[in-house]
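Next come the chains, spelled out residue by residue.
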Amino acid sequence: MMKAIGLMSGTSLDGLDIAYCSIEGNYTDTKVKLLQYGESRMPMVLKEEIQKACDIHQSDVAAICSLNFKLGQWFGDSTSSFMKENHICSRDVDYIASHGQTVYHIPEKTEEYERSTLQIGEPAEIALRTGCMVISNFRTMDMAAGGEGAPLVPYADYILYRSAEKTRVLLNIGGISNVTYLPRNAEEKDVFAFDTGPGNMMIDEAMRHFYHKEYDEDGNTAERGNVNSSLLKELMDMSYVRMNPPKSTGRELYGKQKVEELLQKYAEVSAEDAVCTFTEYTAASIAENVKLFLCPKGIPAEIIAAGGGAHNRVLLERLQEDLPEARVMKQEDMGFSSDAKEAIAFVILGNETLHRHYSNMISATGASKRVILGNITPKPMLK
């Protein structure tokens, strides 16, 4: 049995999820248990730097170069503090698996740019500050094999949530929403996964714009507003939602720049109505993807939500209204943690790396072959 830490910093930019787990076996024999969980809130200065780095009009190579190390230092210090608070020594950690912070993702080749992806948060800084081996940069090998490099969590979903009795959809609502479809008695070839579109990202940007708050707690602001039909129609007319999978997206499509453009165009829409409409769009875009691409394969019995959006009561209520034939539930309804799910997934992916076993789900990413993911930064030589 090994013990490991998973780190996840997502597109919502709210903070770093840290999961300390025990893990043994690999692939379908994997057994993983969450031992401790913590969160480190992202400093505002880092959040602002990431937002600039993700904006093609504000970014520059020096800023990204510097930010890579700044994030690595913050990841490392946050993890070191978590370890101290929970009395975890470096010798009690076989590895740290870090997703890193995505600053840009180009899933398809264009005339100007090659298919590529960039996650930063220098693993050498994490290794030096924690005294642990670090596994990072999980997306790139899948992309080299012709995949989109995302989503990666479906591999862990398949291992942990497949059922002989029920067809399930694992829904993660972070900055971006993504789904993993697990039909009853699923085999690996049956798994289907992709990004559906925005999760909390557009809601959070509207909350920052109008209220200087980081998110809509429990959906209370959305609940006071009304859906603006014109804004919702423009959002639903965006091509991504109905694009055939495999597909992945991020801040480059649904981030601050897009939200600011829409809020300027629809300046007459009130703050509460804007938040309400973005919330409705998140629910409607998830539901539309489920209806178009998953229901024809078999209507799911359960849609199990995780991520920050799982705490948005109004969002889940709207989703349940849009998908009445499925039970919309949370990880907590199954005895798990909505917040820790993705960090645990990277513990599993790191474990596969060390076992020299593939961990990309080619039915989800579109890769031409199964490949071993992740780069290993050895444990530093410390006195």
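Conventions and cut-offs
- Residues numbered from 1 in each chain as written.
- Predicted model: local features only at pLDDT ≥ 70, side-chain atom pairs only at ≥ 80, totals over all residues.
- Heavy atoms only, no water.
- Pairing = 2+ DSSP bridges.
- Helix = DSSP H or I, 4+ residues; strand = E, 2+ residues; numbered from the N terminus.
- Axes fitted to C-alpha atoms, helices over the stretch in contact; angles between N-to-C directions.
- Contact = heavy atoms within 4.5 Å.
- Buried < 20%, exposed > 50% of the residue type's maximum accessible area, 1.4 Å probe, protein only.
- Salt bridge = Lys/Arg side-chain N within 4 Å of Asp/Glu carboxyl O.

### A closer look at the sheet that holds strand E13 (residues 375–377)
Here's step 1: Read from one edge of the open sheet, six strands run E3-E2-E1-E4-E7-E13, paired in mixed fashion. In this open sheet, the two strands that pair with only one neighbour each are strand E3 (31–41) and E13. For this sheet, the mean angle separating the axes of adjacent strands, direction not counted, is 20°.
Here's step 2: As paired elements, strand E2 (residues 15–24) and E3 share ten bridges and run antiparallel to each other. Looking across to E3, one finds that Ile 23 is bridged to Val 32.
Here's step 3: Relative to strand E7 (residues 134–136), helix H3 (residues 123–130) is tilted by about 160°, and along the sheet it contacts strand E1 (2–8), strand E4 (95–98), E7 and E13.

### Some points on the side chain of Ser 80
Here's step 1: With respect to the helices and strands, Ser 80 occurs in helix H2 (residues 61–85).
Here's step 2: With a relative accessible area of 15%, Ser 80 lands in the buried category.
Here's step 3: If we skip the residues at most four places from it in the chain, Ser 80 touches Arg 129 and Thr 130.

### Points about the pairing of strand E11 (residues 302–306)
Here's step 1: Counting buried positions along E11 yields five of five residues, so the element is predominantly enclosed.
Here's step 2: Both strand E8 (residues 168–173) and E11 contribute to a ladder of five bridges, which runs parallel. Following the sheet pairing, Arg 168 is matched in E11 by Glu 302.
Here's step 3: As judged from the four bridges shared by E11 and strand E12 (residues 327–330), these two strands associate in the parallel manner.

### Digging into the pattern of salt bridges
Here's step 1: For the structure on display, the rule yields 22 salt bridges.
Here's step 2: Across the salt bridge formed by Lys 70 and Glu 49, the nearest N and O atoms sit 2.8 Å from each other. In this pair, Lys 70 is assigned in helix H2 and Glu 49 in helix H1 (residues 44–53), connecting sequence segments 21 residues apart.
Here's step 3: Overall, the relative accessible area of 35% leaves Lys 70 in the partly exposed class.
Here's step 4: For Glu 49, a relative accessible area of 22% translates into the label partly exposed.
Here's step 5: Two residues, Asp 77 and Arg 129, come together in a salt bridge whose shortest N-O distance is 3.0 Å. With Asp 77 in helix H2 and Arg 129 in helix H3, this pair connects stretches of sequence that are 52 residues apart.
Here's step 6: With a relative accessible area of 32%, Arg 129 lands in the partly exposed category.

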